[in-house]
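Okay, here's what each chain looks like letter by letter:
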Amino acid sequence: MTDQRGLDEEELEQLDERGPTDLSDPLIRRELKKAAVWFGVAIAVAAVIVLAQPLLLIFGGIVFAAILDGGTRLLGRVLPIGRGWRLLIVSLAAVGFLVGTVWLAGVQLTYQAAILRDTVALQVNRLLEWGAAYGLGVETVEPQQLVEQAMSSLGRLTSAVSSVLGGLTNLVMIVVIGLFIAIEPRIYERGIAWMLPNEMRGRFYRTSDRVGKTLRHLMAGRLLGMAVEGVGTWLLLLAGGVPMAALLGLLTGILAFLPNIGAIVSGILIILIGFSVNVETGLWAVAVYVIVQIVDGYLIVPYVARKTVDLAPALVLGAQVVFGALFGILGLALADPMIAMIKAALEQKSADDEAEEERPPPEPRAKAAPA
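Residues numbered from 1 in each chain as written. Predicted model: local features only at pLDDT ≥ 70, side-chain atom pairs only at ≥ 80, totals over all residues. Heavy atoms only, no water.

Engineer: What am I meant to see in the packing of aromatic side chains here?
Structural biologist: Two measures describe an aromatic ring pair: the distance that separates the ring centres and the angle between the ring planes. Under the counting rule described, the total for this entry stands at 1 aromatic pair. Over the face of the ring belonging to phenylalanine 257 we find arginine 222, whose NZ or CZ atom lies 5.9 Å from the ring centre. (Phe/Tyr/Trp six-rings, centres within 6.5 Å; stacked < 30°, edge-to-face > 60°. Lys NZ or Arg CZ within 6 Å of the ring centre and 35° of its normal.)

This is the structure:
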């Protein structure tokens, strides 16, 4: 059988097949979705590389907002006033601490910082001379060389934040973003949920609550560890007659925000300054470092791990190396909170998947009887 154009049935069926530009074909729609996903991933990777610095500042603001929110909740247990007033008290205390720290480090401890740099360089040169005596073939270094070598290993973005002005600008941006988020966090949470399908919003809210709780507890434990290490180091070094005890305590407390790496750097500084006096003071500095790290490692860290997520030290160190090399100082400082948030989100996803598997399937509806 042929039509008016002289085509048989087989040729007519071929003409009725959908063309490659027909989006109603299920196969084409499925392949377009796959291509869109890969294209979106490529765009996201490119955006992260190009916008690394702003994204890290935003994430730093989220971390600071978690600190403010955690302090507000904690203050609510002992001070029954409105959340806004409690947030104001915590915010003023946090900003006052940051301003006081910058002032103390920049004004009161400037002279000690210069002495610290020269003392560290002198001690390193002594170690290099000792190594040269055993045929290691090393040369002496200048203080500026130590600074340049240490900063150059932190990645291509470190130069943008290594200056005082750049560091203060980043700190102000993080504080401002954190304040805006902490004032009304539910607005941003609802805004993100609004962009998701209805069936995904329940999962998002559960994940957001778990990630927020994890981040609040992690930051609370981190601040506790910073306070214990900073104050403990200052008092013990002061009792042992170690020079620049206040500066070393401040640096130890700040560096305690960086797990693993911060402890190593602060320990090197403490020990070098201790041995710059005499052997007895150096041994006391070693003992102080060991005592402080034992308290932090066996009391504070396990307590924080029980309240948040237990992160393997190798995982945290690897993330710090990668983020530090890619994103500089900010990446190094925020690697630990980022890994904790990712792990909390994955744990919540696993819990949601198990709950859906255990949920009984819905019963089929009975067909209505014909009238």
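Engineer: Where do I start with the pattern of salt bridges in this structure?
Structural biologist: Side chains that differ in charge, positive against negative, can pair when their charged atoms come close. By the definition in use, this model includes 10 salt bridges. The shortest N-O distance in the salt bridge between aspartate 209 and arginine 186 comes to 3.7 Å. Placement of the pair is aspartate 209 in helix α10 (residues 198-239) and arginine 186 in helix α9 (residues 185-194), with a sequence separation of 23 residues. When the shortest N-O distance is used, the salt bridge between lysine 349 and aspartate 353 registers 3.0 Å. Taken together, the residues lysine 349 and aspartate 353, both in helix α14 (residues 313-358) and 4 residues apart, mark about one turn of the helix. Since its relative accessible area comes to 25%, aspartate 353 is described here as partly exposed. One salt-bridge network, held together by shared partners, links Asp69, Arg73, Arg83 and Arg216. (Salt bridge = Lys/Arg side-chain N within 4 Å of Asp/Glu carboxyl O. Helix = DSSP H or I, 4+ residues; strand = E, 2+ residues; numbered from the N terminus. Buried < 20%, exposed > 50% of the residue type's maximum accessible area, 1.4 Å probe, protein only.)

Engineer: Just checking my understanding: could you explain the side chain of threonine 233 for this structure?
Structural biologist: Position of threonine 233 among the secondary structure elements: in helix α10. Residue classification places threonine 233 among the buried positions, given a relative accessible area of 2%. Sequence-distant contacts of threonine 233, that is, excluding residues within four places in its chain, are made with Val228, Leu248, Gly249, Thr252, Ile270, Val288 and Val292. (Contact = heavy atoms within 4.5 Å.)

Engineer: Looking at this model, I keep getting lost on the layout of surface pockets. Mind explaining?
Structural biologist: Any empty space left between atoms is shown by rolling a water-sized probe over those atoms. There is about 1,200 Å³ of room inside the second largest pocket. The wall of the second largest pocket is formed by 36 residues, among which Ile62, Ser208, Val211, Gly212 and Met341 lie closest to the centre. Breaking the lining of the second largest pocket down by element, the ones donating at least two residues are α3 (52-76), α8 (164-183), α9, α10 and α14. Residues belonging to the lining of the second largest pocket are distributed by class as follows: 24 nonpolar, 3 polar and 9 charged. (1 Å grid on protein atoms, 1.4 Å probe; cavity = no way out; pocket = protein on both sides within 12 Å on 5 of 7 lines; lining within 4 Å. Points joined across faces, edges and corners; volume = space filled by probe spheres on them. Nonpolar A, V, L, I, M, F, W, Y, C, P; charged D, E, K, R; others polar.)

Engineer: What should I look at first to understand empty space enclosed by the protein in this one?
Structural biologist: Under the defined criterion, the tally for this structure stands at 1 cavity of 30 Å³ or more. Of the pockets and cavities examined, the largest cavity occupies roughly 30 Å³. As for the largest cavity, its lining consists of Thr233, Thr252, Ser266, Ile270, Val288, Tyr289, Val292 and Gln293. Secondary structure elements with two or more residues in the lining of the largest cavity: α12 (261-275) and α13 (279-307). The element contributing the most residues to the lining of the largest cavity is α13, with 4 residues. For the lining of the largest cavity, a count of residues per class yields 4 nonpolar, 4 polar and no charged.

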